[in-house]
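# Understanding the architecture of this molecule
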Amino acid sequence: IAAHLKNMEASLDRLEAISHQEPEVIDPDSPVELAGVRGEIMFKAVSFGYEDEMVLRNVNVKVTPGEVVGIVGPSGAGKTTFINLVLRLYDPGEGVVMLDGHDLRALRQRDLRNAISFVPQEPLLFNCSARENILIGRPDATDQEIEKAARQARAHDFISAMEQGYETILGEKGTRLSGGQRQRLALARAFLRRSPILVLDEAASALDSDNEALVQQALLELTRNKTVFIIAHRFSTLSVVNRILVLDQGEVVGDGTSAELEKTCGLYRELRERQRFE
């Protein structure tokens with residue numbers, strides 16, 4: 001018992017250190033009221049680094065409401081950091097990130113997060129029913145709204161085919177589902193949420209061609225009339241975007257349509273060629 005208590009004391013010390021840590025991102029004392037979000041995102045002279053390593057350098061980007069923007073670049077280029085600043089998981093070291101003309105630091109985090117739907121590369125599913133997993137997108141939704149979102153995400157058919165339909169328990173992290181099914185369930189949450197801003201961390205990665213085609217169809221519908229950011233590891237995802245940002249070593253080295261970047265951005269051409277042979 002004494003040995004167990006000593007181990008527990010060490011674990012408790014680590015837990016207390018985490019629980020007592022003050023968050024770096026905090027709400028302002030007098031936040032700006034955010035209503036009627038249009039979805040304009042602007043980076044003004046934004047630089048950011050982790051400790052001594054600079055990850056983004058003097059980024060200036062304006063995304064107008066309704067634009068669907070792909071973000072590409074080699075590993076370590078700053079793609080995920082760019083998205084983390086949009087989500088305000090961090091504040092920039094220099095410059096400002098703005099939503100509809102407001103500095104994100106002037107907004108309540110709750111209001112900002114309510115305006116954004118985020119679909120990660122590896123969706124987090126819980127050991128509960130398919131209905132409950134979708135309902136996380138908007139807890140007050142009706143069963144009819146849940147089914148509509150599942151149909152839009154091309155998830156209704158496989159959910160209905162399970163033994164208990166929408167009441168089927170999916171297992172921890174959705175172990176009963178394939179990768180494509182997990183992605184479509186995560187997209188159903190985003191359809192249900194109906195946020196004006198959508199962030200996708202490669203929602204079609206590591207899928208076979210059949211599943212990728214279904215996800216692409218869902219994305220075409222999901223991105224309508226929203227401001228959208230898509231981190232693209234597979235260039236097939238770029239078929240739904242109307243603008244592409246190319247990042248390299250923390251800087252935006254290309255900005256335009258795919259056709260424009262083929263002519264003006266050597267790194268973009270190199271990345272496309274590299275993927276054709278992978």
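To start, this report covers the structure provided alongside it. Bear in mind that the values here come from a model prediction, so they are computed numbers and not experimental data.

Before going further, it helps to spend a moment on the overall build of the protein. Helix and strand counts for the protein come out as 10 helices and 10 strands. Computed over C-alpha atoms, the radius of gyration of the protein comes to 21 Å, within 12% of the 19 Å expected from 2.2 N^0.38 for 278 residues, which places it in the range of a compact globule. Every one of the 278 residues in the protein was classed for burial, and the buried ones make up 47%. Accessible area for the protein stands at about 14,600 Å²; split by element, carbon and sulfur atoms hold 49% of it. Averaging the locations of the 33 positively and 42 negatively charged side chains of the protein gives two centres separated by 5 Å.

Taken as a whole, this structure holds five aromatic pairs when the rule is applied. For the pair Phe43 and Phe82, a centre-to-centre distance of 4.2 Å together with 5° between the ring planes defines the contact as stacked. Note that Phe43 is positioned in strand S1 (residues 41-50) and Phe82 in helix H2 (residues 79-86), a separation of 39 residues in sequence. Neither residue differs from the other here; Phe43 and Phe82 are each classed as buried. Ring-pair connections join several aromatic residues into one group, and the members of that group are Phe43, Phe82 and Phe229.

Another point: the pairing of strand S10 (residues 251-256). Where strand S9 (residues 243-248) lies against S10, five bridges are found, and the strand directions are antiparallel. Note on S10: the bridge partner recorded for Ile244 is Gly256. Once S9 ends, the chain turns through two residues before running back antiparallel as S10, passing Gln249 with a positive phi of about 50°.

Turning to the environment of Arg154, a few remarks are in order. Along the chain, Arg154 falls in the loop between helix H5 (143-152) and helix H6 (156-161). Along the chain, Arg154 and Ile71 lie 83 residues apart, while their C-alpha atoms are 25 Å from each other. With residues up to four places along the chain from it excluded, the contact list for Arg154 reads Arg184, Leu214, Gln217, Ala218 and Glu221. Separated by 2.7 Å, the side chain of Arg154 and the backbone oxygen of Gln152 make a polar contact.

Glancing now at the side chain of Arg184. On the secondary structure map, Arg184 appears in helix H7 (residues 179-193). Buried charge without a salt bridge: Arg184, with Asp157 as the nearest opposite-charge side chain at an N-O distance of 7.2 Å. In terms of polar contacts, Arg184 uses its side chain to reach the backbone carbonyl oxygen of Arg154, at 2.9 Å.

Judged by nonpolar contacts, the single largest core of 46 residues is most densely connected at Ile134, Ile159, Leu187 and Tyr268. Top contributing element to this core by residue count: H7, with seven residues. One finds Val63, Leu85, Ile231 and Leu245 within the second-largest nonpolar core, a separate group that totals 29 residues.

Under the criterion given, the structure shown has 16 salt bridges. Between Arg88 and Asp91 there is a salt bridge whose closest N-O contact spans 2.7 Å. Residue classification places Arg88 among the buried positions, given a relative accessible area of 3%. As a salt-bridge pair, Arg108 and Asp111 come within 3.2 Å of each other at their nearest N and O atoms. Accessibility expressed as a relative area gives 19% for Asp111, which makes it buried. By sharing partners, the salt bridges in this structure join Glu33, Arg108 and Asp111 into a single network.

Thresholds, definitions, all that
Residue positions are counted from 1 within each chain, in the order its sequence is given. Local features in a predicted model are, by the rule used here, given only for residues with pLDDT of at least 70; side-chain atom pairs are given and counted only at 80 or more, and totals for whole chains, interfaces and linings are based on all residues. The basis for every side-chain value is the complete set of heavy atoms in the structure, and neither hydrogens nor water enter the calculation. Think of it this way: any DSSP run of H or I at least four residues long counts as a helix, any run of E at least two long counts as a strand, and we number them from the N terminus. Here the globule rule reads 2.2 Å times residues to the power 0.38, and the radius of gyration is calculated from C-alpha atoms. Relative accessible area decides the class of each residue, using a 1.4 Å probe on protein chains only: under 20% of the type maximum gives buried, over 50% gives exposed, and in between gives partly exposed. Computed with a 1.4 Å probe, the accessible areas rest on the Shrake-Rupley method; for each residue, only the protein chains presented here act as cover. Charge counting treats Lys and Arg as positive and Asp and Glu as negative, with His and both chain ends excluded. Just so you know, the charge point we use is NZ for Lys, CZ for Arg, CG for Asp and CD for Glu. Pairing of aromatic side chains requires ring centres within 6.5 Å, counting the rings of Phe and Tyr and the six-membered ring of Trp. Pairs whose planes differ by under 30 degrees are stacked, by over 60 edge-to-face, and all others tilted. Here, any two strands with at least 2 DSSP bridges between them count as paired. By the convention used here, residues are in contact when the closest approach between their heavy atoms is within 4.5 Å. Any N or O atom pair separated by 3.5 Å or less is treated as a polar contact, with the protein-specific requirement of one donor-capable and one acceptor-capable atom, and with residues adjacent in sequence counted only for side-chain atom pairs. Criterion for a salt bridge: a side-chain nitrogen of Lys or Arg within 4 Å of a carboxyl oxygen of Asp or Glu. Buried Ala, Val, Leu, Ile, Met, Phe, Trp, Tyr and Cys residues that are joined via side-chain atoms within 4.5 Å together make up what is termed a nonpolar core.

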